[in-house]
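Chains, contacts and geometry: an overview
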Amino acid sequence: MSGKHDAEEVRSVWLRPARTAKEDPPLSLARIVEAAVALLDEEGIEQLSMRRLAQRLGVAAPSLYWHVKTKDDVVDLAVDAIFGEVAPAPERAVGWRDDLTAVLVAWRTALLRHPWAAAVTARRRPSLGPNFLAQMETLQSTLVRTGFTDHALRAATWALYNHVMGSASTETALHISDEERRIGQQRLQSEADRYPTLAAQRYLYDDDWEGSFHNGLRFLLDGLALQLDTDAP
């Protein structure tokens, strides 16, 4: 395996060793992350650049490179900071369904406070930050305690993960004006022979994001409960 390939394998900011020096770096990592989250909240991920982040911090761009190598590093750190805002999971609630619901509702709440964050977590690079891993540990440990193991544990984990991430990213990214909604629904009505269900269900007026999230989660949990009953000896 070539050295170039080895270097490309370790792209995550969480897996590279921290730099050390005799003197403190000119800028703390905590300040960089705080400023990055604020910039992302205000302007979105499309506007994030090392230059803009440095301007916000009132420093020259090279000062950032003590802690981060690329913009992707900054995004990874900012995503983990978002998961650090999630309240710690309570002690075991009434049952496993309540425990899982509490975890996923807390995730969704944090992601909706930072509209850029949900889509970022689905990028090609997995998050390995301590806050994110702590949340995933809570999710999987709850599933293990419930009785899921091996392939069933993995499938349940990603079904729930994808539900909350998909819900949050769609709610924050999908935008339609009232006029677009009205004209679009009129088109569906006029072509009801082709789209009878969409026309009848007023597809373009369906924006109950929270209700759909909770109903979808209930469907998933019902399915998980059925799986547990099926696998029981």
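Structure report, in brief. These numbers were taken from a predicted model, which means no experiment stands behind them. (Residues numbered from 1 in each chain as written. Predicted model: local features only at pLDDT ≥ 70, side-chain atom pairs only at ≥ 80, totals over all residues. Heavy atoms only, no water.)

**What to know about the overall build of the protein**
- Regarding its fold elements, the protein presents eleven helices and zero strands.
- Tracing the protein from N to C terminus, the helices and strands come up as α-α-α-α-α-α-α-α-α-α-α.
- In the protein, buried positions account for 35% of the 233 residues.
- Accessible surface, the protein as shown: approximately 14000 Å² in total, 54% of it carbon and sulfur. (Helix = DSSP H or I, 4+ residues; strand = E, 2+ residues; numbered from the N terminus. Buried < 20%, exposed > 50% of the residue type's maximum accessible area, 1.4 Å probe, protein only. Areas by Shrake-Rupley, 256 points an atom, 1.4 Å probe, with all protein chains shown as cover.)

**Quick word on the packing of helix 2 (residues 29-43) against helix 4 (residues 71-84)**
- Close contact between helix 2 and helix 4 brings their axes to 9 Å; oriented N to C, the two are set at 85 degrees. Of the possible angle classes, the one that applies to helix 2 and helix 4 is roughly perpendicular. Of helix 4, the residues touching helix 2 (which contributes Leu 29, Val 33, Ala 36, Val 37 and Leu 40) are Val 74, Leu 77, Ala 78, Ala 81 and Ile 82. (Axes fitted to C-alpha atoms, helices over the stretch in contact; angles between N-to-C directions. Parallel < 35°, antiparallel > 145°, perpendicular 65-115°, else oblique. Contact = heavy atoms within 4.5 Å.)

**Focus on the environment of Thr 170**
- Note on placement: Thr 170 falls in helix 8 (residues 150-173).
- Considering only alpha carbons, one finds Thr 170 and Pro 115, 55 residues apart in sequence, at a separation of 9.9 Å.

**Re helix 5 (residues 96-113)**
- Its 18 residues give helix 5 an end-to-end C-alpha distance of 26 Å, which sits within 8% of 26 Å, the value for a rise of 1.5 Å per residue.
- For helix 5, every residue scored as buried is listed here: Asp 99, Leu 100, Val 103, Leu 104, Trp 107, Arg 108, Ala 110 and Leu 111. Along the axis of helix 5, the buried positions cluster into a sector of 165 degrees, meaning they face one direction only. (Expected span 1.5 Å × (residues − 1). Arc of directions from axis to C-beta.)

**With respect to the pattern of salt bridges**
- Within this structure, the stated rule accounts for ten salt bridges.
- Note that Arg 113 is salt-bridged to Glu 85, the shortest N-O span being 3.2 Å. Here Arg 113 is found in helix 5, whereas its partner Glu 85 is found in the loop between helix 4 and helix 5, with 28 residues between them in sequence.
- On the accessibility criterion, Arg 113 (44% relative accessible area) is partly exposed.
- Residue class for Glu 85 comes out partly exposed when judged on its relative accessible area of 37%.
- Overlapping salt bridges, with partners in common, bring together Arg 187, Glu 191 and Arg 194 in one network. (Salt bridge = Lys/Arg side-chain N within 4 Å of Asp/Glu carboxyl O.)

**Things to note about helix 3 (residues 50-57)**
- What helix 3 keeps buried is the set Met 50, Leu 53, Ala 54 and Leu 57. With its buried residues spanning 100 degrees around the axis, helix 3 presents them on a single face. Among the exposed residues of helix 3, those oriented more than 90 degrees off its buried face are Arg 51 and Gln 55.
- Check the buried side of helix 3 and you find it contacts helix 2 and helix 4.

**Considering the environment of Ala 155**
- Its location among the elements puts Ala 155 in helix 8.
- Spatially, the C-alpha atom of Ala 155 lies 10.0 Å from that of Leu 224, the residues being 69 residues apart in sequence.

**Points about the packing of aromatic side chains**
- In this structure the tally under the stated criterion is five aromatic pairs.
- Seen in terms of ring centroids, Phe 132 and Tyr 161 are 6.4 Å apart; in terms of plane orientation they differ by 85 degrees. Their pairing is edge-to-face. In this pair, Phe 132 is assigned in helix 7 (residues 130-146) and Tyr 161 in helix 8, connecting sequence segments 29 residues apart. Neither residue differs from the other here; Phe 132 and Tyr 161 are each classed as buried. (Phe/Tyr/Trp six-rings, centres within 6.5 Å; stacked < 30°, edge-to-face > 60°.)

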